[in-house]
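Okay, here's what each chain looks like letter by letter:
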Amino acid sequence: MKTKIGPPPPALVAPDPNGGFCGPQMARKHNRPPAWRWDYACTLVRCDKQPFDDDDAWVRKAFDLRRHQLGVPGVPKPTSGLAAAYELYTTTESFRRWVVEARFVAQQSVREVAAATGVPQVTLRAYEKLFFDVAGPNGDYPAVRTNVILPLQVRDVGPVDVERALKVFAFKGGPHVLDRAIEYFTTAPPAPPLGADELDPDALERWYRRLVVQLAVEVECLPPSQITKVVPLQHLVDRLKARLVEMGRLGATKSPSGAPIGR
């Protein structure tokens, strides 16, 4: 490892943002946390070390970004893309970050995520590399299930875990299913209808499709001890589906793994 040149960085006045310890051994594993480059860079700065010669350019960018945040003399100002990526990583608007990350979980490209979210590609490219790298060296996405999905599925934050729903549906169903979930969480529910018989076919189908997503969200997020709470909703969805099938408006497609689907 290289010897550090120049004055030492000033003492940290606050913990590294989400900065878990990540040494060189973890950084070189295939199954590593999504923010491994950022955590690794924070560890290097905290320990007053320099990156290894074989650390990639994005590790060095994360290293310089952290040192710039701490006011280390001579460190270049980060590019706008790096700065914006860090702002997204630490934003209090969690839903926006969750959507971006869920789209990467769904294996959408930087260009596709930019088109869907309006976040510039330069920001997304930096974000993916520094804070949400789920593509392993062999392109097999080894970190997704272990480091993204499983931790969400074992936590209990209440009856509706929005982040969990978005990322699990993205992982199981891809971009189309994720789009349905995003629409569900970003649109107001319709006024409660009087009943299936009083609705015209279009309204009935819209109501049914929203309830399908609601059912999938509750099945995914409720703990096993409370799963019986979805039984009345399941019966309503089944009744609406039968009605729509009779009207020729819906096929008999089933939803895999509880994820919301289309026809």
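Reading the values: the criteria
- Residues numbered from 1 in each chain as written.
- Predicted model: local features only at pLDDT ≥ 70, side-chain atom pairs only at ≥ 80, totals over all residues.
- Heavy atoms only, no water.
- Helix = DSSP H or I, 4+ residues; strand = E, 2+ residues; numbered from the N terminus.
- Buried < 20%, exposed > 50% of the residue type's maximum accessible area, 1.4 Å probe, protein only.
- Contact = heavy atoms within 4.5 Å.
- Areas by Shrake-Rupley, 256 points an atom, 1.4 Å probe, with all protein chains shown as cover.
- Arc of directions from axis to C-beta.
- Phe/Tyr/Trp six-rings, centres within 6.5 Å; stacked < 30°, edge-to-face > 60°.
- Lys NZ or Arg CZ within 6 Å of the ring centre and 35° of its normal.
- Salt bridge = Lys/Arg side-chain N within 4 Å of Asp/Glu carboxyl O.
- Axes fitted to C-alpha atoms, helices over the stretch in contact; angles between N-to-C directions.
- Parallel < 35°, antiparallel > 145°, perpendicular 65-115°, else oblique.
- Left-handed = near helix turned anticlockwise from the far one by under 90°.

Engineer: Got a minute to help me understand the overall build of the chain in this structure?
Structural biologist: Broken down by element type, the chain carries 11 helices and 0 strands. Going from the N terminus to the C terminus, the chain shows its helices and strands as α-α-α-α-α-α-α-α-α-α-α. Here the chain holds 263 residues, and the buried ones make up 43% of them. Residue pairs in contact within the chain that sit at least 24 positions apart in sequence constitute 59% of those at least 6 positions apart. Accessible surface computed for the chain: about 13,700 Å², of which carbon and sulfur atoms make up 55%.

Engineer: I'm lost on helix α6 (residues 110–117) in this one. Help?
Structural biologist: Regarding α6, the residues found buried are V110, V113 and A114. What you see down the axis of α6 is that its buried residues fit within an arc of 100°, all on one side. What points out from α6, more than 90 degrees from its buried face, is the exposed set R111 and A115. The secondary structure elements touched by the buried residues of α6 are α5 (94–105) and α7 (121–130). Just downstream of α6 lies G118, where phi reads positive at about 80°.

Engineer: So what exactly am I meant to see when it comes to the packing of aromatic side chains here?
Structural biologist: What characterises a pair of aromatic rings is the spacing of the ring centres plus the angle enclosed by the ring planes. All told, the structure shown has 7 aromatic pairs when counted by the stated rule. Where Y89 meets Y127, the ring centres are 6.3 Å apart and the plane angle is 65°; that geometry is what we call edge-to-face. Of the two residues, Y89 is situated in helix α4 (residues 80–89) and Y127 in helix α7; the sequence distance between them amounts to 38 residues. In terms of burial, Y89 and Y127 fall into one category: buried. A centroid spacing of 5.1 Å and a plane angle of 75° characterise the contact between Y184 and F185, whose relative ring orientation is edge-to-face. When its relative accessible area of 22% is taken as the criterion, F185 is described as partly exposed. Three or more aromatic residues joined by ring pairs make a cluster, and in this case those are W38, Y86, Y89, Y127 and F131. The ring of W58 carries the charged tip of K61 above its face, separated from the ring centre by 3.9 Å.

Engineer: Please explain the pattern of salt bridges as it appears in this structure.
Structural biologist: Where charged atoms of side chains with opposite charge meet at close range, the side chains can pair. Throughout the structure, instances matching the rule amount to 16 salt bridges. A salt bridge links R249 to D202, with the shortest nitrogen-to-oxygen separation between them at 2.5 Å. Linking R249 in the segment after α11 (231–246) with D202 in helix α10 (residues 201–221), this pair joins segments that are 47 residues apart in sequence. Judged by relative accessible area, R249 falls into the partly exposed class, the value being 22%. Among the ionic contacts, a cluster of salt bridges with common partners joins R97, E101, R155, D161, E163 and K167.

Engineer: Would you take a moment to explain unusual backbone geometry for this structure?
Structural biologist: Excluding glycine, residues mostly carry a negative phi; peptide bonds, for their part, are mostly trans. One non-glycine residue, D48, adopts positive backbone phi at about 60°. Its place among the elements puts D48 in the loop between α2 (36–46) and α3 (57–69). Look at D48 and you get partly exposed, because its relative accessible area is 34%. Positive phi outside glycine occurs at Q107, with the angle close to 65°. Residue position: Q107 is located in the loop between α5 and α6.

Engineer: Whenever I open this one, the environment of G248 confuses me. Can you help?
Structural biologist: Inspection of the secondary structure puts G248 in the segment after α11. Through-space distance from the C-alpha of G248 to that of P201 is 9.8 Å; in sequence the pair is 47 residues apart.

Engineer: Could you clarify how one ought to interpret the packing of α2 against α3 in this entry?
Structural biologist: Axes are the key here: two packed helices are described by the angle between their axes and the distance separating the axes. Following both chains from N to C, one finds α2 and α3 inclined at 55°, their axes separated by 8 Å at the closest point. The orientation of α2 with respect to α3, classified from their angle, is oblique. As for the relative orientation of α2 and α3, their crossing is right-handed in sense. Along the contact surface, α2 presents W36, R37, W38, Y40, A41, C42, L44 and V45, while α3 presents W58, V59, A62, F63, L65, R66, R67 and Q69.

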